[in-house]
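Descriptive analysis of the structure
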Amino acid sequence: MNSFDRKIPYNDLPLLPPGADIETKNILRKTISAGRALAQLNGALQNLPNPTLFLDTIYLQEAKASSEVENIITTNDELYKSLVADRKIENPATKEVLSYKEALWLGLEELKTKPFITTNLCVKIVQCIKQNSASIRVTPGTTLSTPQGEVIYTPPSGESVICEKLANLEKFINEDNGIDPLIKMALMHYQFEAIHPFADGNGRTGRILLLLYLKLSGLLDIPAIYLSEYVIKNKTAYYQKLRSVTEKDDWENYILYILDMIEETSTSGLERLTKITATMEKTAEEIKMKLPKVYSKDLIEILFRLPYTKRQHLIDENIGNAKTVGNYLIALEENGFLKSVKVGKEKLYLNQRLLEILESK
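Presented here is a report on the structure given in the accompanying data block. Here the structure is a predicted model, which means the values were calculated and not measured. (Residues numbered from 1 in each chain as written. Predicted model: local features only at pLDDT ≥ 70, side-chain atom pairs only at ≥ 80, totals over all residues. Heavy atoms only, no water.)

1. A short note on the packing of helix α7 (residues 181-195) against helix α11 (residues 251-290)
Axis separation between α7 and α11 bottoms out at 9 Å; the angle between their running directions is 115°. The orientation of α7 relative to α11 falls into the category roughly perpendicular. As for the relative orientation of α7 and α11, their crossing is right-handed in sense. Here L182, I183, M185, A186, L187, H189 and Y190 of α7 come into contact with α11, specifically with W251, Y254, I255, I258, L259 and I262. When its residues are assigned to classes, the contact of α7 with α11 shows twelve nonpolar, one polar and no charged. (Axes fitted to C-alpha atoms, helices over the stretch in contact; angles between N-to-C directions. Helix = DSSP H or I, 4+ residues; strand = E, 2+ residues; numbered from the N terminus. Parallel < 35°, antiparallel > 145°, perpendicular 65-115°, else oblique. Left-handed = near helix turned anticlockwise from the far one by under 90°. Contact = heavy atoms within 4.5 Å. Nonpolar A, V, L, I, M, F, W, Y, C, P; charged D, E, K, R; others polar.)

Quick look at the structure:
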């Protein structure tokens, strides 16, 4: 193991794969249960009548949680209003969360044409998150410190050193090296965070890469999972496990943490998905019974795509003309299915049932 000093740039960060045992009995046992939970979520997503229906909502929830890890806080209500309302977004935290969601979509689109995780893709993602022209760090002096100012880690310094580490990471990710994909994902995540290639946005970029890798490796065809939700609940442990790899070469406990994150978020994601689909079916039956002229399958999907909707959404989906959809929304509110909210000069309609599920822990 290389010597490590928190206050000196870690240019001796070992390349991947690590020399330590990464397939201990505990890790292999946990890999099986995490893989099973992930497969169950994957199957449930594939069996949805419209597998892409909840993607906007799920990705926005992940964006919110991942940003919260970096202490960028906004509310679900503010987020969903901002996504739907036709107004300028003033809240800086909300802007950053929406940029994260946009970066995740960008990454998924890039994988369609180039099914590889590359340094260039990482740069595109961080530029989208930060909405600037950020690239690999070139200025020395980057350190990670506690709120009290104590230096806990100094990442590699020097553009050539950082690029060498990233080239090794890229090769490791995209080559078949016989390592179980879930274990490989954990190794990849540690290495990216340890390289810390950007001046800002490394944590969020690293968590997007986890989702992209799940897609790339075929473990989750639709990477609809709130990984960052687990990190928020276990934030102290997350940073401790990363540091223990660096300082003590303790790969086992770190890998077990990542596998536990996969298992727990897969299980909770499946539960949430089941609740949403059951609520959607129940709401559809009630609208069909109370408002048969208003009901249509397309209308129900619009109401459950995001917690807020508006008249233009219904017009865009050919539910009816402006007058017809206006009457539909009024009828849905009068019967307790929606609640109208004024945002500026615009009227939005809230599906409270959906929002309550998204906000439940």
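2. What about the environment of F192?
Mapped onto the secondary structure, F192 falls in helix α7. Judged by relative accessible area, F192 falls into the buried class, the value being 1%. Residues F192 and A37, spaced 155 residues apart in sequence, show a C-alpha to C-alpha distance of 25 Å. Residues contacting F192, with those up to four places away along its chain left out, are C122, L169, P197, F198, N202, T205, G206 and L209. (Buried < 20%, exposed > 50% of the residue type's maximum accessible area, 1.4 Å probe, protein only.)

3. A look at the nonpolar core
Grouped burial of nonpolar side chains is what soluble globular proteins tend to show. Formed by 114 residues in total, the largest nonpolar core has its most connected members in L212, I255 and L332. If near-sequence neighbours (up to four positions away) are discounted, I255 is found in contact with I22, I27, I183, A186 and L187. (Core = buried A, V, L, I, M, F, W, Y, C linked by side-chain atoms within 4.5 Å.)

4. Examining the packing of aromatic side chains
The tally for this structure, following the rule as stated, stands at ten aromatic pairs. Pairing F4 with Y153 gives two aromatic rings, centres 6.0 Å apart and planes at 25°, and the pair type is stacked. Residue F4 is located in the segment before α1 (25-46), and its partner Y153 is located in strand β2 (residues 151-153); the two are separated by 149 residues in the primary sequence. Look at Y153 and you get buried, because its relative accessible area is 7%. Geometrically, the ring pair formed by Y238 and Y239 is edge-to-face, given 5.0 Å between the ring centres and 65° between the ring planes. An aromatic cluster of at least three residues, connected via ring pairs, comprises Y230, Y238, Y239 and Y257. Over the aromatic face of F172 sits the side chain of K184, whose NZ or CZ is 5.5 Å from the ring centroid. (Phe/Tyr/Trp six-rings, centres within 6.5 Å; stacked < 30°, edge-to-face > 60°. Lys NZ or Arg CZ within 6 Å of the ring centre and 35° of its normal.)

5. Things to note about α1
Relative to the 32 Å expected for 22 residues at 1.5 Å per residue, α1 spans 32 Å between its end C-alpha atoms, a close match to the ideal helical length. What α1 keeps buried is the set I27, T31, S33, A34, A37, L38, L41, N42 and L45. Contacts made by the buried residues of α1 are with α7, α8 (202-216) and α11. (Expected span 1.5 Å × (residues − 1).)

6. A short note on unusual backbone geometry
L16 connects to P17 through a cis peptide bond whose omega is 0°. Mapping P17 onto the fold places it in the segment before α1. The backbone phi angle of H196 is positive, close to 50°, even though this residue is not glycine. Following the sequence through the fold, H196 ends up in the loop between α7 and α8.

7. Details of the pairing of strand β4 (residues 339-343)
Bridge count for β4 against strand β5 (residues 346-350) is five bridges, and the pairing is antiparallel. For K342, the partnering residue across the bridge sits in β5 and is K347. Hairpin connection, β4 to β5: the antiparallel pair is bridged by two residues, and G344 has positive phi, about 65°. (Pairing = 2+ DSSP bridges.)

8. Focus: the sheet that holds strand β3 (residues 308-309)
Sheet architecture is open: three strands sit in the order β3-β5-β4, paired in antiparallel fashion. Where the open sheet ends on each side, the last strands, each with one partner, are β3 and β4.

9. Structural notes on the environment of D260
Here D260 shows up in helix α11. D260 sits 57 residues away from G203 along the chain, and the two C-alpha atoms are 19 Å apart.

10. Digging into the pattern of salt bridges
A full pass over the atoms with the stated rule returns 17 salt bridges. Across the pair R243 and E247 runs a salt bridge whose closest N-O atoms are separated by 3.7 Å. With a gap of four residues between them, R243 and E247 both fall in helix α10 (residues 235-248), about one helical turn apart. With relative accessibility at 29%, the residue R243 sits in the partly exposed group. (Salt bridge = Lys/Arg side-chain N within 4 Å of Asp/Glu carboxyl O.)

11. Describing the packing of helix α2 (residues 55-69) against α8
At a minimum axis distance of 9 Å, the contact between α2 and α8 shows a crossing angle of 140°. Pair α2 / α8 crosses with right-handed handedness. In contact with E62, S66, S67 and V69 of α2, α8 contributes R204, R207 and L211. Partitioning the contact of α2 with α8 into residue classes produces two nonpolar, two polar and three charged.

12. Notes on the pairing of β5
Counting buried residues in β5 gives four out of five residues, a clear majority hidden from the surface. Pairing geometry for β3 and β5, over two bridges, is antiparallel. Residue pairing for β5: Y308 is matched across the bridge by L350.

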